[in-house]
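# Descriptive analysis of the structure
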Amino acid sequence: MIRLMQRHAFRTDSRIHQIQARVPTDVAERLRGMHVAVVLPAMRSDPEAILSLKLSDRIKGSLHTRDDVVATARRLRVLEHLERIYDQVRKGGSKLNHRQLVGLAGDVYQLLRANFDDDPGTPEMWSAWKAFVRAAREGRIPTAPTITPGELADERAEAARLFGPDLTAGIDAMPPSGDRAALEDRCGRLTLWVLQQRGLHVDRATRIQLLEHVADACLDAGLALKRAAAGDYTPDPKASRFPPFEGKASGITLSELFDRWKAETKPAGSTETTWRGIVTAFAKHLGHDDAARVTDRDVVAFKDARVAAGRAAKTINDSDLACLRALYRFGVSNKRLKTNPAEGVKVSAKAKAGMRKLPYEDAELARLLALCAAETHPARRFLPLILATSGARVAEVAQLWAEKVREIDGVPCMELEPAVDGGNLKTAWSERVVPLHPAVLESGFLDFVAQRGTGPLFYKHNRSDTARHASKGVSNHLASWIRQQGFNNPRKAPNHALRHWFKSAAPKIGMLDSVADHIQGHAPKTEGGTYRHFDMKTLARAVASIPIPTASCCSRRDPDDNDITSPDARA
């Protein structure tokens, strides 16, 4: 257990937050003198930073922020990282074979190529850069400048001073030795980076071996980047020499856990896309992808980082944490993991006045529908009217196929169900049949359906190689178009405010809540409600009773009131 100072520390000459902590006595001697670098993520207005620590009986360093919230999140990140190192030391460190060492060196090769391929500088800069790597690798110099991930220093002058105008001849003239001090100077930070990316701690002998492999990877990458600087981007054959690193302690990674969950539960395309992004962000926050190594403290630190980044509490609870809880519950129930570290973790989210979502006003809906009537684009012309008169979710109607618009018991209806090409619905109660409002029939919608004949009404096709269903693009396009027409109230979601409007209009004409819930695909409020079924003509009468606002029924509230409700005035 780390013993910490109870509050953030400060230097006497600065208001930058510091971290101070004692190193546990059972590992302090084995770690004494070890250098650790921790990536401090960008939060709020503070950019990403690197915290370098030298371990002894205690650690101390700058959190690179004056912000209390950012400091708290970064402090937890550092402590969590140190705990992983301490745990590895107590277990004797990771045992890596030759293939794994080469695989880790490949991570460094890829890092250097990713950072510098687009703007590689000059060939002369890379010649000098490689000269220091080679001299340090062969022990020909006592010390060397450090390679910092993401930074390319111009070392030409120093290399010329040390090795002479002919770098190769100058290095060859220096006797080699078994000293690894310069190698540690030159490639130590890159070696720390790759170990931390994988959440590994190794003993001194393994570290020396890894340093040598990292240096070799630097020479390969440096040569490729030197060619790129000269305008030669020919694929580097050396890039394929690195095997993928394989060294999972748990036998399952976060990404594998997600893939297994996805294959079994078959989530909606939008959920798959969103949750995969959350898993990627979580792994990046952790610095590793090992599902079994995640602790509840890791999840809390991730939650705190999301809060510090300004993410809404509801989004963190209902998206970030919901994703992690679901994946770990799946892992536990399938005997791949022992515990669920996300269980019980949540953000305190108290509803605030002025934040609740609102429906469109009648005048706003009248203006929107008037704009739609003048459109030729099918989604713009028909979707808002269908949503307003059915209370459906936009995703449900955007994936509608022509074959699903038909008469049932003499009533023109739309069958809302999962699309055959992969479209999904939100819940089991979302699958339903909804009668079409007379206004939809008068709009020419059935003629449009007949012209389409078969297949999707609002999108051309769905690509099977993408997680997101094609209808999602239709929904997003419609929301953007509505915003562009001047409907900019942040409390009125462009598409979903139509669903709110229907629910608000229903009680005005005496529609029963149970009927409105059924039409909109809301779950029954009681167990008894699950036994209730409605015939199509009853539903058709209910839908037809929804009055459609028009410009003639909407006027100014008051000549002196700036909130104008007239459709023309709102244009």
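Residues numbered from 1 in each chain as written. Predicted model: local features only at pLDDT ≥ 70, side-chain atom pairs only at ≥ 80, totals over all residues. Heavy atoms only, no water.

## What to know about the packing of aromatic side chains
Spelled out, the test is: Whether two aromatic rings pair depends on their centres lying within 6.5 Å, for rings of Phe, Tyr and Trp, where Trp uses its six-membered ring; planes under 30 degrees apart make the pair stacked, over 60 edge-to-face, and the rest tilted. Counting from the N terminus, the helices are the DSSP runs of H or I reaching at least four residues and the strands are the DSSP runs of E reaching at least two.
Evaluated as defined, the whole model comprises 12 aromatic pairs. On the basis of an interplanar angle of 20 degrees and a centroid distance of 4.9 Å, the ring pair of Trp261 and Trp275 is categorised as stacked. Remark: Trp275 occurs in helix α10 (residues 269–286) and Trp261 occurs in helix α9 (residues 254–265); sequence separation between them is 14 residues. Put simply, the rings of Phe382, Phe445, Phe448 and Phe458 touch in pairs and so form one group of aromatic residues.

## Examining the sheet that holds strand β9 (residues 432–435)
The test is simple: One bridge is not enough; two strands pair if DSSP finds at least two bridges between them. Only the stretch in contact is used when fitting a helix axis, every axis being a line fitted to C-alpha atoms; angles between N-to-C directions are given from 0 to 180 degrees. Here, residues are in contact when the closest pair of their heavy atoms is within 4.5 Å.
Spatially, 3 strands are ordered β7-β8-β9 in an open sheet, and the strand pairing comes out antiparallel. The sheet is open, and its two edges are formed by β7 (405–408) and β9, each paired on a single side. Across the sheet, the axes of successive neighbouring strands diverge by a mean angle of 45 degrees, strand direction being ignored. Where strand β8 (residues 411–416) lies against β9, 4 bridges are found, and the strand directions are antiparallel. Along β9, the bridge assignment pairs Cys413 with Pro435. Contacts from helix α21 (residues 536–544) reach β7, β8 and β9, with the element oriented near 50 degrees to β9.

## Quick notes on the side chain of Asp46
The condition that has to hold: For every residue, the accessible area (1.4 Å probe, protein chains only) is compared with the maximum for its type, and the residue is labelled buried under 20%, exposed over 50%, or partly exposed between those bounds. The sign given to each residue is positive for Lys and Arg and negative for Asp and Glu; His and the chain ends receive no count. Salt bridges are counted wherever a side-chain nitrogen of Lys or Arg sits within 4 Å of a carboxyl oxygen of Asp or Glu. By the criterion applied in these results, polar contacts are pairs of N or O atoms within 3.5 Å in which, for protein atoms, one can donate a hydrogen and the other can accept it, and in which residues neighboring in sequence qualify only through two side-chain atoms.
One can find Asp46 in the loop between β4 (35–40) and β5 (49–54). The side chain of Asp46 sits in the buried core without any salt bridge; Arg74 is the nearest counter-charge, 5.2 Å away. At a separation of 2.6 Å, a polar atom in the side chain of Asp46 contacts the side chain of Thr65. Ignoring anything within four residues of it in the chain, the contact list for Asp46 reads His64, Thr65, Asp67, Val70 and Arg74.

## Quick notes on the confidence of the model for the chain
For clarity, the cut-off: One number per residue, pLDDT, summarises how confident the predictor is, and it ranges from 0 to 100.
When the pLDDT values of the chain are averaged, the result is 86; 90% of them are 70 or greater. At the level of individual helices and strands, the chain shows its lowest average pLDDT in strand β1 (residues 3–4), which scores 40, and its highest in helix α4 (residues 123–137), which scores 97. Long-range and interchain partners of residues 1–7, a stretch whose pLDDT sits below 50, account for 17 contacts in this model, where long-range means more than four residues apart. Confidence drops under a pLDDT of 50 for residues 556–571, and excluding neighbours within four residues, the segment shows 27 contacts in the predicted structure.

## Examining the environment of Met536
Checked against the element boundaries, Met536 lands in helix α21. Among the residues examined, Met536 registers a relative accessible area of 10% and is labelled buried. Put simply, Met536 and Val411 are 125 residues apart on the chain and 7.0 Å apart in space, counted from C-alpha to C-alpha. What Met536 contacts, discounting residues up to four positions off in sequence, is Ile408, Asp409, Val411, Cys413, Val433 and Pro435.

## As for the environment of His98
Position of His98 among the secondary structure elements: in helix α3 (residues 98–116). C-alpha of His98 to C-alpha of Leu210: the two residues are 112 residues apart in sequence and 9.2 Å apart in space.

## Focus: the nonpolar core
For clarity, the threshold we go by: Only buried residues count toward a nonpolar core, which is a set of Ala, Val, Leu, Ile, Met, Phe, Trp, Tyr and Cys residues joined through side-chain atoms within 4.5 Å.
The biggest cluster of nonpolar side chains holds 57 residues, and the ones touching the most others in it are Val397, Phe445, Leu457, Phe458, Met511 and Ile519. When residues of this core are assigned to their parent elements, the largest contribution, 7 residues, is made by helix α14 (residues 378–390). Beyond its immediate chain neighbours, meaning those up to four positions away, Leu457 contacts Leu400, Trp401, Ala402, Val405, Phe445, Phe448, Val449 and Arg452. By size, the runner-up hydrophobic cluster in this structure holds 34 residues, among which are Val133, Leu190, Val202 and Ala224.

## Brief notes about helix α2 (residues 68–90)
Definition in use: By definition here, a helix of n residues has an expected span of 1.5 Å times n minus one.
Its 23 residues place the ends of α2 33 Å apart at the C-alpha level, agreeing with the 33 Å of an ideal helix rising 1.5 Å per residue. Across the 23 residues of α2, 17 count as buried, placing the element largely inside the fold. Near the N-terminus of α2, the side chain that reaches the backbone nitrogen of Val69, with its oxygen 2.8 Å away, is that of Asp67.

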